[in-house]
Amino acid sequence: MESAEAPPLWKPQALACGYASLVIAFEQMHRCFPHEGWDGFAKGYLKAAANATREKAIADPGLHEGIAGMILATSYVSASDHRYQRIVNSLLRQLATRIKLTQWERSEPGVSFYEYDVINGASGIIGLLNFGDTAVEEASWASDRLTSYLLNLIDGPKLSGVYPWHIPQRLLPQIHVYREQYPGGYYDLGVAHGMAGVISAVALAFAPEQLATGITQPLMKLCDWLLAQAEFDEFGPNWPRGVHLNSAADQPATGMSALAPTTWCYGAPGIARSLWLAGVALRNQELEETSRTIFAAALRRSQADGHRQLTAGLCHGLAGLITIACRFAQDGENAANLESIEELVERLLERNHPDAPFGFRDDLGAEGVFDDPGLLNGAAGVLLALLAASAPVEPRWDRILMLN
C-alpha cells in the first residue's frame, strides 16, 4: 500500500475539513437509512466540533471554515431533532452580529476573493442564511446586508478599465499558483472563489417573484460577462480558473490561460450549475438551456479524457461531478443523465483503496496523497456523492456547494 499523509488542512471545527464534515455525512446516512442509528454518530461528531470551538474559538464567519459552517451542520441535525434549534438560533445571532460589525466594502478599488467567495466569504454565508426556514430576524437582515454588498460589487462602474470584482496584485492570495499565473492581478471565474459562486449566491437569495429590476439587471450582466470569458474546444465551452485583468472583455476571450479541469470548484460543471440557478431565478429559459448544454459538453470532455484529471473528492473530483449530475438529472431527468451518473459512479469506485483508513484518498499529484475524512476533499464528500446517486433522498447538504 502506498504511503499517505494526514490531510494538511484538517481543522476540527470546520465544515470543509473537520468534525462538522462528519456530522453532515452521518446525518445524511440517517436520512437514507433512518433505523440504523447513524444519527448517533452525527450528534457525537457535532459534540466533538463544539468541543473544538471551546479549545479554539472560530474567528471566521465563513461557510466552509467558520461560524456559518457550524450553523449549517447543527441545522442539518436539528431537522430531525428539534432540540438543536435553540443552538442554531443562538449561532445565527452571533453570525449576524459578526456581519454587522464587518466593513465589507473597500475604500480602494479591488477585492480579495476571501471577502466575497463561497468558501470563506459573503457568497457562502448567504447560502447558509437562506438554507431552510428561520425565525431569527437578525438572519434575514444579515442576508440582505450581504446580498446588497454583492449586488453593489456586480453593478459598480468600471474604474480604469477594470470591473469592481477584480483582484489586484496587492490582494492576491498567498498561494504560489495564483501569484505565478496572475502576477498583475486577475478575475476569478470559478464557483469556489470566483464570480460563478457570486451568481449562485444572488440567485439563491431570492425567489423569482422577489427579483426586482435592481437585482435582475446586475445578475444578468454578470452571467453575460462570465459567458463571454468562455473558450471553446471540440466539446463546447469551457473556462480557465481566471483571466488576466488586461484580457477579460465583454466579448469571447481566447488564449488566456490553461483551461480548468472538469470540476465543481473551477471549470464548466460548476459554472453550468451557477448559470442554471440564475436562469431559474431570472425565469430565463434560454439561460437554463445554455447551462444544460455546457454541462453536457463538460461530461463528454471528462469522459474523453477518462476522468484522469479528477481526484475522488467533491471539490476537484468525481464526487463533485456526480453531485452536479444528480442535481441536473433531478431537474429534468433523461436517459443520458442517468447513464452518465452510472458511468461516473463506476469510475469513482475504481478509486477505492480498501487498505486506506477511509477507503478513498485525496491524490494531489506532486503535492502528495492524503488520507482525508473530510467533506470537501475527502471520504465524507465521496460518501455523500454516492448517496446522492443511489438513495431516493434529496441531498439537501449540497447547499454547501451552492447547487440547490
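Structure report, in brief. These figures come from a predicted structure and were not determined experimentally.

Here's the deal with helix α15 (residues 379-390)
Right, on to step 1. Here α15 contains 12 residues, and its C-alpha end-to-end distance of 16 Å stays within 8% of the 16 Å for a straight helix at 1.5 Å per residue.
Right, on to step 2. Those residues of α15 that sit buried are A379, A380, G381, V382, L384, A385, L387 and A388.

Focus: the nonpolar core
Right, on to step 1. Counting 132 residues, the largest nonpolar core has I24, Y116, L129 and W264 as the members making the most contacts within it.
Right, on to step 2. Not counting chain neighbours up to four residues away, the residues in contact with I24 comprise L15, L72, A73, Y76, L375, L384, W397 and I400.

Thoughts on unusual backbone geometry
Right, on to step 1. Positive phi values are uncommon outside glycine, yet S160 reaches one of about 55 degrees.
Right, on to step 2. Inspection of the secondary structure puts S160 in the loop between α7 (137-155) and β1 (167-168).
Right, on to step 3. At M402, a position not held by glycine, the phi torsion is positive, near 60 degrees.

Re the packing of helix α9 (residues 195-205) against helix α11 (residues 268-282)
Right, on to step 1. α11 packs onto α9 with a crossing angle of 30 degrees between their chain directions and a minimal axis gap of 8 Å. Taken together, the axes of α9 and α11 are roughly parallel relative to one another. For α9 against α11, the interelement crossing comes out left-handed. Residues A196, G197, I199, S200, A203 and L204 of α9 form the contact with α11, whose own contacting residues are I271, S274, L275, L277, A278 and A281.

Details of the layout of surface pockets
Right, on to step 1. By volume, the largest pocket amounts to about 1,200 Å³.
Right, on to step 2. Lining the largest pocket are 34 residues, with L9, I175, H316, E367 and N377 positioned closest to its centre.
Right, on to step 3. Of all the secondary-structure elements, those providing two or more residues to the lining of the largest pocket are α5 (113-116), α8 (176-181) and β6 (362-363).
Right, on to step 4. Among the elements that make up the lining of the largest pocket, the one with the highest residue count is α8 (3 residues).
Right, on to step 5. In terms of residue class, the lining of the largest pocket is built from 19 nonpolar, 8 polar and 7 charged.
Right, on to step 6. Put simply, the second largest pocket is a space of about 490 Å³.
Right, on to step 7. Surrounding the second largest pocket, 20 residues form its lining, A50, T53, M70, I87 and L91 being those nearest its centre.
Right, on to step 8. Listed by contribution, the elements that provide at least two residues to the lining of the second largest pocket are α2 (38-55), α3 (67-78) and α4 (85-101).
Right, on to step 9. With 7 residues, the single largest contributor to the lining of the second largest pocket is α2.
Right, on to step 10. Within the lining of the second largest pocket, the residues separate by chemical class into 9 nonpolar, 5 polar and 6 charged.

Let's talk about the side chain of H166
Right, on to step 1. Turning to its location among the elements, H166 is positioned in the loop between α7 and β1.
Right, on to step 2. A polar contact of 2.7 Å, which involves the side chain of H166, links it to the backbone oxygen of Y163.

Thoughts on the pairing of strand β2 (residues 185-188)
Right, on to step 1. Of the two faces of β2, the one carrying G185 and Y187 and the one carrying Y186 and D188 are both buried.
Right, on to step 2. In this sheet, strand β5 (residues 242-244) lies alongside β2 in antiparallel orientation, the contact comprising 3 bridges. In the sheet register, D188 faces β5, and the bridge partner there is G242.

What to know about empty space enclosed by the protein
Right, on to step 1. Summed over all chains, the structure comprises 1 cavity of 30 Å³ or more.
Right, on to step 2. As a volume, the largest cavity reaches approximately 30 Å³.
Right, on to step 3. The wall of the largest cavity is formed by V177, Y178, Q181, Y182 and R241.
Right, on to step 4. Considering only residue class, the lining of the largest cavity consists of 3 nonpolar, 1 polar and 1 charged.

Here is what the cut-offs are and how they apply
- Residues numbered from 1 in each chain as written.
- Predicted model: local features only at pLDDT ≥ 70, side-chain atom pairs only at ≥ 80, totals over all residues.
- Heavy atoms only, no water.
- Helix = DSSP H or I, 4+ residues; strand = E, 2+ residues; numbered from the N terminus.
- Expected span 1.5 Å × (residues − 1).
- Buried < 20%, exposed > 50% of the residue type's maximum accessible area, 1.4 Å probe, protein only.
- Core = buried A, V, L, I, M, F, W, Y, C linked by side-chain atoms within 4.5 Å.
- Contact = heavy atoms within 4.5 Å.
- Axes fitted to C-alpha atoms, helices over the stretch in contact; angles between N-to-C directions.
- Parallel < 35°, antiparallel > 145°, perpendicular 65-115°, else oblique.
- Left-handed = near helix turned anticlockwise from the far one by under 90°.
- 1 Å grid on protein atoms, 1.4 Å probe; cavity = no way out; pocket = protein on both sides within 12 Å on 5 of 7 lines; lining within 4 Å.
- Points joined across faces, edges and corners; volume = space filled by probe spheres on them.
- Nonpolar A, V, L, I, M, F, W, Y, C, P; charged D, E, K, R; others polar.
- Polar contact = N/O pair within 3.5 Å; in protein donor to acceptor, adjacent residues only side chain to side chain.
- Pairing = 2+ DSSP bridges.

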